[in-house]
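Listed here are the chains, written in short residue letters.
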Amino acid sequence: MSSAKARKAIPFALEPELLDDVDSLAFFPKKSSHPNQWAVLVINKNILDTLVEKL
């Protein structure tokens, strides 16, 4: 799977496991050394905005 397709698919693939609405979260995928596996950092956009302001 290409990186662009994975970035679009990841939020929907993880949706059943998430505690918040997909639209309120930011996803940062990183391709794994294993084929078709991705490590994904998920953070609430409000928390991310607060961190950006503090930096």
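The structure displayed is predicted, hence computed values, not measured ones.

Thoughts on helix 1 (residues 3–14)
Moving on, step 1. Between its terminal C-alpha atoms helix 1 stretches 16 Å, which fits the 16 Å expected from 12 residues at 1.5 Å a residue.
Moving on, step 2. Buried-residue contacts for helix 1 involve strand 1 (25–31) and strand 2 (38–44).

Side note on the confidence of the model for the chain
Moving on, step 1. Model confidence for the chain is summarised by a mean pLDDT of 88, while 98% of its residues fall at 70 or above.
Moving on, step 2. Within the chain, the lowest mean pLDDT, 85, falls on helix 1, and the highest, 95, falls on helix 2 (residues 45–54).

Some thoughts on the nonpolar core
The nonpolar side chains of a soluble globular protein tend to be buried with one another.
Moving on, step 1. Counting 5 residues, the largest nonpolar core consists of Ala-6, Ile-10, Val-22, Leu-25 and Phe-27.
Moving on, step 2. If you list the elements that add at least two residues to this core, you get helix 1 and strand 1.
Moving on, step 3. When neighbours within four sequence positions are excluded, Val-22 is seen to be in contact with Pro-11, Glu-15 and Phe-27.

Some thoughts on the environment of Ser-3
Moving on, step 1. Considering the arrangement of structural elements, one finds Ser-3 in helix 1.
Moving on, step 2. Note: C-alpha distance between Ser-3 and Lys-45 (42 residues apart in sequence) is 22 Å.

As for the pairing of strand 1
Moving on, step 1. Relative to strand 2, strand 1 is paired through 7 bridges, and the arrangement is antiparallel. By the bridge assignment, Lys-31 is partnered in strand 2 with Trp-38.
Moving on, step 2. Counting the residues between successive antiparallel strands, the hairpin from strand 1 to strand 2 contains 6 residues, one of them, Asn-36, with a positive phi of roughly 60°.

Here is what the cut-offs are and how they apply
- Residues numbered from 1 in each chain as written.
- Predicted model: local features only at pLDDT ≥ 70, side-chain atom pairs only at ≥ 80, totals over all residues.
- Heavy atoms only, no water.
- Helix = DSSP H or I, 4+ residues; strand = E, 2+ residues; numbered from the N terminus.
- Expected span 1.5 Å × (residues − 1).
- Contact = heavy atoms within 4.5 Å.
- pLDDT = per-residue confidence, 0-100.
- Core = buried A, V, L, I, M, F, W, Y, C linked by side-chain atoms within 4.5 Å.
- Buried < 20%, exposed > 50% of the residue type's maximum accessible area, 1.4 Å probe, protein only.
- Pairing = 2+ DSSP bridges.

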